[in-house]
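Residue strings, one per chain:
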Amino acid sequence: MSSRSSDPLVVGRVIGEVLDPFIPCVKMVVTYNSNKLVFNGHELYPSAVVNKPLVKVQGGDFRSFFTLVMTDPDVPGPSDPYLREHLHWIVTDIPGTTDTDFGKALLSYESPKPSIGIHRFVFVLFKQKKQKSVGPPLSRVHFNTRQFANDNDLGQPVAAVYFNAQRETAARKRYSVAGIKALNTIRVADTVKGKELTILIDTGSSHCFIHPKIVHRSLLVAKTQNRASIGTIAKVQRFVNDERCQGCCKEMN
């Protein structure tokens, strides 16, 4: 199976709707509140991303500089994103091997406030040709990441990651404040006979905790599989964020 087909940026349509295909060559780590890592396709509560994250650039050296862009391509809603993209943050002149605290904020951080549906919030990292070479955008609204990169001679991205968020109900806010985590599920992405396939596997030991609304929201079809079938899937499919799935893989194998 093609590795491109299971790339979470492709599955999440970040490649195509926000970015052109690119080859990641620098590791970028995005962390909210010192302990919430951003993984592709994972959901974070808006109340957990109020404060700007720390973004570490694990590549280059002090003589190389990077620009970070954070954007929302799903405004006002994913079914009709006619205001695409909304710009949330730009930090430039970040020295290699450091983080955003060492860069210059061209545009201050604006916390996500999705109002309609599930929004993707995309972090894109570019390597600059030289220091102090990136200018500020004209506006946050109708931003275009590709055009911004072209206008500032940034070339293709060197890293990207995104998370999902949606409007919080009062109940969701209470769970978030209480420190209750989201459902412990694993998303598997690949293609079968040329068709895109996405599977959610619940890691609960005895009961299914995947709510039907999550299945519907993820555009999936709910089907019951026995343990042997899921084990076979786990062996042949490629997990997205597989570093978080080791326990599940061992259990099912």
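From a predicted model like this one, the values you see are computed outputs, not experimental measurements.

## Focus: the sheet that holds strand E6 (residues 104-107)
Hydrogen bonding along the main chain pairs the strands of a sheet, whether they run parallel or antiparallel.
Next, step 1: Overall, antiparallel pairing links the 5 strands, which are arranged E6-E5-E4-E7-E8 in an open sheet. A strand with exactly one partner marks an edge of an open sheet, and here the two such strands are E6 and strand E8 (159-165). Mean inter-strand twist for the sheet, computed between neighbouring axes without regard to direction, equals 15°.
Next, step 2: Direction of pairing for strand E4 (residues 65-72) relative to strand E7 (residues 119-127): antiparallel, over a ladder of 6 bridges. Looking at E7, one finds that Val69 is bridged to Val124.

## Brief notes about the nonpolar core
Here is a general trend for soluble globular proteins: nonpolar side chains tend to be buried in one another's company.
Next, step 1: In this structure, Met28, Tyr32, Phe123, Leu125 and Phe163 are the most contacted members of the largest nonpolar core, which totals 24 residues.
Next, step 2: No other element matches E8, which puts 4 residues into this core.
Next, step 3: In this view, Phe123 contacts Met28, Val30, Tyr32, Pro53, Leu68, Val69, Met70, Trp89, Ala159, Ala160, Val161 and Phe163; residues no more than four positions away in its chain are not counted.
Next, step 4: Residues Leu9, Leu87, Leu106 and Phe126 belong to the second largest nonpolar core, which totals 21 residues.

The rules we used
- Each chain carries its own residue numbering, running from 1 in the written order of its sequence.
- Note on the predicted model: pLDDT of at least 70 is required for a residue's local features to be given, and 80 or more for side-chain atom pairs to be given and counted; whole-chain, interface and lining totals, by contrast, use all residues.
- For side-chain calculations, the full set of non-hydrogen atoms in the structure is used, while hydrogens and water are omitted.
- Here, any two strands with at least 2 DSSP bridges between them count as paired.
- Each helix is a run of H or I in the DSSP string that is no shorter than four residues. Each strand is a run of E no shorter than two, and both are numbered from the N terminus.
- Lines are fitted to the C-alpha atoms to define the axes, a helix being fitted only along its stretch in contact, and any angle between axes, read from their N-to-C directions, falls within 0 to 180 degrees.
- Definition of nonpolar core: a set of buried residues of the types Ala, Val, Leu, Ile, Met, Phe, Trp, Tyr and Cys, connected through side-chain atoms within 4.5 Å.
- For each residue, the accessible area found with a 1.4 Å probe, counting protein chains only, is set against the maximum for its type, and the residue is called buried under 20%, exposed over 50%, and partly exposed in between.
- We call two residues in contact whenever any of their non-hydrogen atoms come within 4.5 Å of each other.

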